[in-house]
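Spelled out from the first residue to the last, the chains are:
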Amino acid sequence: MTGRADPWLRRFLSACRTGPSAVVGMAALLVVCAMALYSVFLDGRDPFDIVSLPHRAPTFVGPLPLGTDYLGRDLAVCLLAGAAPTLSVAAVAAGLAMVLGVALGALAGFFGGRLDDLLMRFTEFFQVLPALLFAMVLVTLWSPSPTTIALTIGFVAWPPTARLARAEFLRIRDLEYVVAARAAGAGAGHLMWRVILPNAAPPLIVSATLVVTTAILFEAALSFLGLGDPDTMSWGQIIGANREYVLDAWWPVAFPGLAIFLTVLAVSLLGDGLNRILDPKSDGA
Amino acid sequence: MTGYIARRLLHGLFLVAGVVVVNFVLLRLAPGDTATAIAGEMGGATADVLAAIRADYGLDRPLPTQLAIYLGHIARGDLGMSHYFNLPVSSLIAARLGPTVLLVASAQIVALVVGVALGVLAARARGGAVPTLVTAFTTACHAMPVFWTGIMLVVLFASILPVLPVEGMSDLRLRDAGWITRTLDVARHLVLPVVTLVLVHLAQYARITGAAMREVLAADFIRVVRAKGAPERTVLFRHALRNAALPVLTVAGLQFGHLLSGALLVETVFNWPGLGRLAFESLLRRDYPTVLGVLLCAAAMVVVVNLLTDLAYRLADPRLRTVP
Amino acid sequence: MYRFGRILARLAFALVLAAAPALADGRPGGSLVILSTQVPRHVNGALQSGVAVAIPSTQIFASLLRYDAEWNPEPYLAESWQVSDDGLSVTLKLVAGATFHDGRPVTSEDVAFSILAIRDNHPFKSMFAPVEAVETPDPGTAVIRLGRPHPALLLALSPALAPILPKHVYGDGQDLRTHPANVAAVGAGPFRLAEFQPGEHIILKRYENFFLPGRPYLDEIVIRYLPDVSTLLLAMERGEGDLRPFATGSQEIRRLRQVDRLAVTNAGYAALGPINWLAFNTRSPKLADRRVRQAIAYAIDRDYIVGTLHHGVSVAQRGPIVEGSPFFDPTVPAYDLDLDKARGLLAEVGLGDGLQLTVDYVPGLVEQQKNLAEYLKSQLKKIGIDVTVRTSPDTATWASRIAGHDFEMTMDTVFNWGDPVIGVHRTYLSSNIRPGVVWSNTQSYADARVDALLEAAAVELDPARRKQLYAEFQQIVATDLPVYWLNLLPFHTAYDRRLGNPPLSIWGVLSPMDELYWIKDK
């Protein structure tokens, strides 16, 4: 593995030169993470506190830079506080989706045959269900909390990863070095996790960024519909709660939407950049 | 070919049946009692009224019995009665199916046309500002939460630019007007929801078309066509695009499920009288038979669209057509 | 009220008839578009009287009586009514020539069927519980036999509470609760149901053979359902609706007022009497002593709630009976803001700092419920009570918590429904402590004197005596405070200024709109 780091680094640098999207995405994402950390560890203010009159217009400077919401809460504080739940829900959801997807895809691709048939039927079954509606039902089933929402999103978001992982395992398992390892007496577990997975990793890592964006957008949609956890200040929640008043005050809807947009864009750009770095075929570079 | 279709149909039925069973179980395990929801609407009810409601709807029977009752009804094409409206779920769905199909189909077609056009534009330019701009635009659109885009359009068109209706599917005051007026009215109402959905789904089509076109344009046979002196338009549309159509088709099929999810949010934002809003509002009312019905219907739609995509794929790809 | 009806019934009817053709400034015909957020499940008001059902139900079904803006009964299907001296029977003479939308005449058989059907199916059991039988000596006369005097009966005969159903349609042996005609209704009201599109719209057409001559004036009423307020507001601003009943949010009311075309009023909700209150679980050891409840009352600033939190759109409510009702006692203790007194009361009980309480609220009504719960949290902190706001994801969850007595304090909204017997007694009678039932006596309040007073008031025929009984009742509960009343929900109606006779009686839009008309363009 270490032997490969060098060409990766070179590719990274060349990718930064050819398309700066990865760097931009990474930087933007770091900013959002910093916001989340700041709100969690440094800023003790409760975003639910009513600090002023409702619907103060944004001034962009001064004590209430982004104005107040329908109750008179500081929108800037709400946005800062919204970063942490949004990111952590997305991270947990994406993690779960990746684990589920890779595990099922790997088993299906590696063993093939009956197991493959069974697992793919299972995957297809999940793909047929309209994911958002399914997630809405699941969230209603459990009482909404950041944990249940993250688990729900992870639970509905894994099928694309499973298909990708299956395809990769199917492709790699018959490559020469795998056959050689098998001939040398390596067990199935060793082959799957130590031999095939590292080689299947690049496209999976790229697809992980896609899963993260899906998770962020799903969390926002659920909160917007009022199915999220009402005691958690997430960006979707702010949009949903303020939507009724949007014709009087656009800012409590516009700013959290922008925050979601920029975060999703950052992750997409990161994914794009990673794709160029990890998969030399994807670009002429 | 017939055998293939039959196999695919059977497979689809199997998937739909699975959807029925799993969702039934999930929904019946859910907290929030239908009887209380109904009673709440009544503004206070006594214990015996609650008990009567439970008995009426079979809510007091064991779960497997309820499932058996439900499956028996489904087999006869009966999706059950809505707890809330006490009307057949199938009639509720029938009333909402049209608007959703109209919305999703319009969005799918517009997204395909515009997305492919952008992809061709980007591929033809080969370097320079155009591909970058196309990518930037579509990527940005793709990153926007669909409901937020919708709300922002509502704000824009409600007060600043009041030229298009921002809610509903038709103006009830025009319901006695001629069919041309009514069609135009629906078309006007359709604009903003469709634009919202299209913006989000452009990126996939543009990206896939671009990539496929670049690959095809680099192929030898295009060089031959060009060498024969064919005009650029013929090269692009007659030769290159036709060969790039397959991956686009695949993506269109895969996108359909996402489009349905997006439509659910768009319907909520624009008050579009479709299945998504029916499902959402029914979920809030704990009207399980209706939610189940919509889920089943949506899954069936995805299965049908996948099947059609498969068939179209077979017809479009000469290599697959010869395979029995 | 009783005597008024007995003496003046015929006179009133004559007056109504005389007033009817006077449409000097109006033109018959035209369409009215009502926008509402409340989606009805069906349109049969015999099964439930929620706002959603009652708007269409009162247009489709006629009732025996209707009410003006001053709580006076007026003839409707009954052209006169006579209460026997012992109060045990009421004889109603039906108007001649009234027919249902299918052309069949309205007879006393239909009246008997309807009243018994409502008694047996409607959740407001107290409306017709004393009814033992309805006799039909001839097709034009119905006699209601009561087991005990029941002065609330006349209000219970209102359009929103007692629609007269055709027996030949609804009495066919099917269960009324799931009867197919609940969504394909046949009544004798001014409008017939032309289209019922669940969750979308209802279209009502003028019934040509309506029994009041010349009425209704309008050709049709369209009720459109818009699930969220912002969309509805937009449609009103764009002129897509003519009437918006039950506007509740201060923002919405303010914006409706800015539309030149619209008149906005809070008249038309007196009978509904929607009280917003804070309920206490008196079984909770922390709240069992009434001094704790009084302390909380003293710490709450009703003026601030009404003036600032509700931006002046709602009005204060000091007791269990709405202040607009003839039975309201204005001398009940008001608990004006007094933090020192509140702290003193807590100290007396031995509860200094550190009392911890939870408060629930009905999700959905943000400004009336959630915001007040948040306000309580910050306000009660000032007297050393630490309040946790408990959120319910949906109304059903909230209802099951409260019905199961799993709460300490909760915000709630409960309607008076005209007569105290219908909407007030249920909260305070110890016999109505029924776990599992929301909007019963979930406070577990039990006071023998209150029980006796309410039981006496339920059968007291003399309005003055009845008023006295209710006055004493109000004094006791306002001291014991099983609930603390905050304000009336600021229900408002916005209607096009060109509408003549807008629905502003005590039942407002939950009453037939046969008199409504469009004023001629000048």
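Residues numbered from 1 in each chain as written. Chains lettered and ligands numbered in written order. Predicted model: local features only at pLDDT ≥ 70, side-chain atom pairs only at ≥ 80, totals over all residues. Heavy atoms only, no water.

Moving on to the overall build of chain A. Scanning chain A for helices and strands turns up 11 helices and zero strands. When its helices and strands are written in sequence order, chain A yields α-α-α-α-α-α-α-α-α-α-α. Counting only C-alpha atoms and orienting by the principal axes, one finds that chain A spans roughly 75 × 45 × 30 Å. Out of the 285 residues in chain A, the part that is buried amounts to 53%. Within chain A, residue pairs in contact and separated by at least 24 positions form 71% of the contacts whose partners lie at least 6 positions apart. With the model as given, the accessible surface of chain A reaches about 12,300 Å², and the carbon-plus-sulfur share is 67%. Chain A carries 18 positive and 20 negative side-chain charges, and their two centres are separated by 12 Å. (Helix = DSSP H or I, 4+ residues; strand = E, 2+ residues; numbered from the N terminus. Buried < 20%, exposed > 50% of the residue type's maximum accessible area, 1.4 Å probe, protein only. Contact = heavy atoms within 4.5 Å. Areas by Shrake-Rupley, 256 points an atom, 1.4 Å probe, with all protein chains shown as cover. Lys, Arg positive; Asp, Glu negative; His and termini not counted. Charge placed at Lys NZ, Arg CZ, Asp CG, Glu CD.)

Our focus in this paragraph is a nonpolar patch on the surface. Residue and element names in this part refer to chain A. Where nonpolar side chains cluster on the molecular surface, the patch consists of Leu37, Tyr38, Val40, Phe41 and Leu42 and spans about 560 Å² of accessible area. Secondary-structure assignment places Val40 in helix H2 (residues 21-42). Since its relative accessible area comes to 48%, Val40 is described here as partly exposed. (Patch = residues over 30% accessible without salt bridge, like charges linked within 9 Å, V, L, I, M, F, W, Y side chains within 5 Å. Salt bridge = Lys/Arg side-chain N within 4 Å of Asp/Glu carboxyl O.)

Right, let's get into the domain arrangement of chain C. All names here are of chain C. By domain assignment, chain C separates into domain 1 (33-268 + 492-519) and domain 2 (274-488). Taking only C-alpha atoms into account, the centre of domain 1 sits 30 Å from that of domain 2. Each partner contributes to the interface: domain 1 provides 25 residues, whereas domain 2 provides 22 residues. A combined buried area of about 1,800 Å² lies between domain 1 and domain 2, and 73% of that area is made up of carbon and sulfur atoms. In terms of surface lost to domain 2, no three residues of domain 1 exceed Trp71, Pro151 and Ser250, which account for 31% of the buried area on that side. Remark: the boundary between domain 1 and domain 2 carries zero salt bridges. At the surface where domain 1 touches domain 2, the tally comes to two residue pairs in polar contact (both at pLDDT 80 or more). Elements with a minimum of two residues in the side of domain 1 that touches domain 2: helix H4 (153-156) and helix H7 (250-257). Top element by residues in the side of domain 1 that touches domain 2 is H7. It accounts for three residues. The residue inventory of the side of domain 1 that touches domain 2, partitioned by class, reads 12 nonpolar, nine polar and four charged. (Domains from an automatic or database assignment. Buried area = accessible area lost by both parts, 1.4 Å probe. Polar contact = N/O pair within 3.5 Å; in protein donor to acceptor, adjacent residues only side chain to side chain. Nonpolar A, V, L, I, M, F, W, Y, C, P; charged D, E, K, R; others polar.)

Moving on to the nonpolar core. Met136 of chain A together with Leu32, Leu64, Phe128, Leu272 and Trp507 of chain C are the most contacted members of the largest nonpolar core, which has 267 residues in total. Considering every element that reaches this core, the biggest residue donor is helix H3 (residues 75-111) of chain A, with 18 residues. If you look at the next biggest cluster of nonpolar residues, it comprises 70 residues, including Trp277, Leu355, Tyr375 and Val438 of chain C. (Core = buried A, V, L, I, M, F, W, Y, C linked by side-chain atoms within 4.5 Å.)

This part covers the sheet that holds strand S5 (residues 78-83) of chain C. Residues and elements named next belong to chain C. Spatially, S5-S6-S8-S7 is the arrangement adopted by the four strands of the open sheet, whose pairing is antiparallel. One side of each edge strand has no neighbouring strand; the edge strands of this open sheet are S5 and strand S7 (131-138). Each strand axis lies, on average, 20° off the axis of its neighbour in the sheet, ignoring direction. Strand contacts of helix H3 (residues 108-121): strand S6 (89-94), S7 and strand S8 (141-146), with the helix running at about 170° to S7, the strand carrying the most contacts. (Pairing = 2+ DSSP bridges. Axes fitted to C-alpha atoms, helices over the stretch in contact; angles between N-to-C directions.)

Glancing now at the interface of chain C and chain A. If you look at the interface, chain C gives 13 residues, while chain A gives 11 residues. Summed over both sides, the interface of chain C with chain A buries roughly 1,200 Å², with 53% coming from carbon and sulfur. When the buried area of chain C at its contact with chain A is split by residue, Ser230, Gln251 and Arg255 of chain C rank highest and sum to 34% of it. Where chain C meets chain A, there are three salt bridges. In this structure, the salt-bridge partner of Asp248 of chain A is Arg254 of chain C, at a minimum N-O distance of 3.8 Å. Taken together, the elements giving at least two residues each to the side of chain C that touches chain A come down to helix H6 (229-237), H7 and helix H11 (366-380) of chain C. By residue number, the principal contributor to the side of chain C that touches chain A is H6 of chain C, which donates four residues.

Residue and element names in this part refer to chain A. Note on placement: Arg194 falls in helix H9 (residues 188-224). A relative accessible area of 62% places Arg194 in the exposed class. C-alpha separation for the pair Arg194 and Asp174, spaced 20 residues apart in sequence, amounts to 15 Å.

All names here are of chain A. Taken as a whole and judged by the stated rule, the model has 30 aromatic pairs over all chains. On the numbers, 5.1 Å between centres and 70° between planes, the contact of Phe122 with Phe126 is edge-to-face. A residue pair is termed a helical-turn pair when its members lie 3 or 4 positions apart in one helix, as Phe122 and Phe126 do in helix H4 (residues 113-128) at four residues. Judged by relative accessible area, which is 9%, Phe126 ranks as buried. (Phe/Tyr/Trp six-rings, centres within 6.5 Å; stacked < 30°, edge-to-face > 60°.)

Between chain C and chain B, the residue contacts involve 46 residues of the former and 43 residues of the latter. Together chain C and chain B conceal approximately 3,600 Å² of surface at their shared face, both sides included; 54% is due to carbon and sulfur atoms. The largest share of the area that chain C buries against chain B comes from Arg41, Arg177 and Arg238 of chain C, three residues that together contribute 19% of it. In this structure, the connection of chain C to chain B is made through three salt bridges. We note a salt bridge from Glu167 of chain B to Arg224 of chain C, for which the minimum N-O separation is 3.2 Å. Our count for the contact surface shared by chain C and chain B stands at five residue pairs in polar contact (both at pLDDT 80 or more). At the level of elements, strand S9 (191-197), strand S10 (201-206), strand S11 (220-225), H6 and helix H12 (395-403) of chain C are the ones that each hand at least two residues to the side of chain C that touches chain B.

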